[in-house]
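Here are the chains, one letter per residue:
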Amino acid sequence: QAEQTYQFDVKVMTCTGCSGAVTRVLEKAKSDGVQEYNVDLATQLVTVKGTIPYDDVLARIKKTGKEVR
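All of these numbers come straight from a predicted model, not from anything done at the bench. Residue positions within a chain follow its written sequence, with the count starting from 1. Owing to the predicted nature of the model, reporting of local features is limited to residues with pLDDT of at least 70; listing and counting of side-chain atom pairs is limited to 80 or more, with chain, interface and lining totals taken over all residues. Values shown for side chains rest on all heavy atoms present in the structure; no hydrogens or waters enter the calculation.

Let's talk about the packing of aromatic side chains
Part 1 of the reasoning: Pairing of aromatic side chains requires ring centres within 6.5 Å, counting the rings of Phe and Tyr and the six-membered ring of Trp. Pairs whose planes differ by under 30 degrees are stacked, by over 60 edge-to-face, and all others tilted. If you walk through the whole model with that rule in mind, you get 3 aromatic pairs.
Part 2 of the reasoning: Their ring planes at 80° and their centres at 5.3 Å tell us that Tyr6 and Tyr54 sit as a pair that is edge-to-face. Taken together, the positions of Tyr6 in strand β1 (residues 4–11) and Tyr54 in helix α2 (residues 54–63) put the pair 48 residues apart, joining distant regions of the chain.
Part 3 of the reasoning: Through a chain of ring-to-ring contacts, the aromatic side chains of Tyr6, Phe8 and Tyr54 assemble into a single cluster. Helix numbering and strand numbering both begin at the N terminus, where a helix is a DSSP run of H or I of at least 4 residues and a strand a DSSP run of E of at least 2.

Considerations on unusual backbone geometry
Part 1 of the reasoning: Even without being glycine, Gln44 reaches a positive phi, approximately 60°.
Part 2 of the reasoning: Structurally, the position occupied by Gln44 is in the loop between β2 (34–40) and β3 (45–50).
Part 3 of the reasoning: Partly exposed residues are those whose accessible area sits between 20% and 50% of the maximum for their type, while under 20% is buried and over 50% is exposed, using a 1.4 Å probe and protein chains only. When its relative accessible area of 16% is taken as the criterion, Gln44 is described as buried.

Focus: helix α1 (residues 16–28)
Part 1 of the reasoning: For α1, with 13 residues, the first-to-last C-alpha span of 18 Å sits near the 18 Å given by 1.5 Å per residue.
Part 2 of the reasoning: Residues Cys18, Ser19, Gly20, Ala21, Val22 and Leu26 constitute the buried set of α1. How far a helix is expected to stretch is found by multiplying one less than its residue total by 1.5 Å.

A closer look at the nonpolar core
Part 1 of the reasoning: Formed by 17 residues in total, the largest nonpolar core has its most connected members in Phe8, Val46, Val57 and Ile61.
Part 2 of the reasoning: Counting residues per element, the ones that place at least two in this core are β1, α1, β2, β3 and α2.
Part 3 of the reasoning: Here Val46 is in contact with Tyr6, Gln7, Phe8, Val10, Met13, Val22, Leu26, Asn38, Val39 and Ile61, once residues within four sequence places are set aside. For our purposes a nonpolar core is just a set of buried Ala, Val, Leu, Ile, Met, Phe, Trp, Tyr and Cys residues, chained together by side-chain atoms within 4.5 Å. Contacts are assigned to residue pairs that have any heavy atoms within 4.5 Å of one another.

Describing the sheet that holds β3
Part 1 of the reasoning: Ordered by their spatial adjacency, 4 strands build an open sheet running β2-β3-β1-β4, and the pairing between neighbours is antiparallel. Both edges of this open sheet fall to β2 and β4 (67–68), since each of them pairs with a single strand only.
Part 2 of the reasoning: At least two bridges found by DSSP between two strands is the condition for calling them paired. As judged from the 6 bridges shared by β2 and β3, these two strands associate in the antiparallel manner. Bridge pairing links Asn38 to Thr47 in β3.
Part 3 of the reasoning: Helix axes are fitted to C-alpha atoms over the stretch in contact, other axes to C-alpha atoms as well, and angles between N-to-C directions run from 0 to 180 degrees. Against the sheet, α1 touches β2 and β3, its axis set at about 175° to β2.

What follows is the structure, encoded as structure tokens:
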């Protein structure tokens, strides 16, 4: 499967606790095809690169309780 880059606009990710939860699920997803990721608190954007399907990443971010726009 080809490497993809996805960007998620994560609502109300305003503190390090919030971004920490997202970081943890993405770190765990490395075994499922996430190559690298960036969680930007200032812009509330999460960028993910890897071979993992978009829907899988979206589901994992939503599991943290965050709303993705």
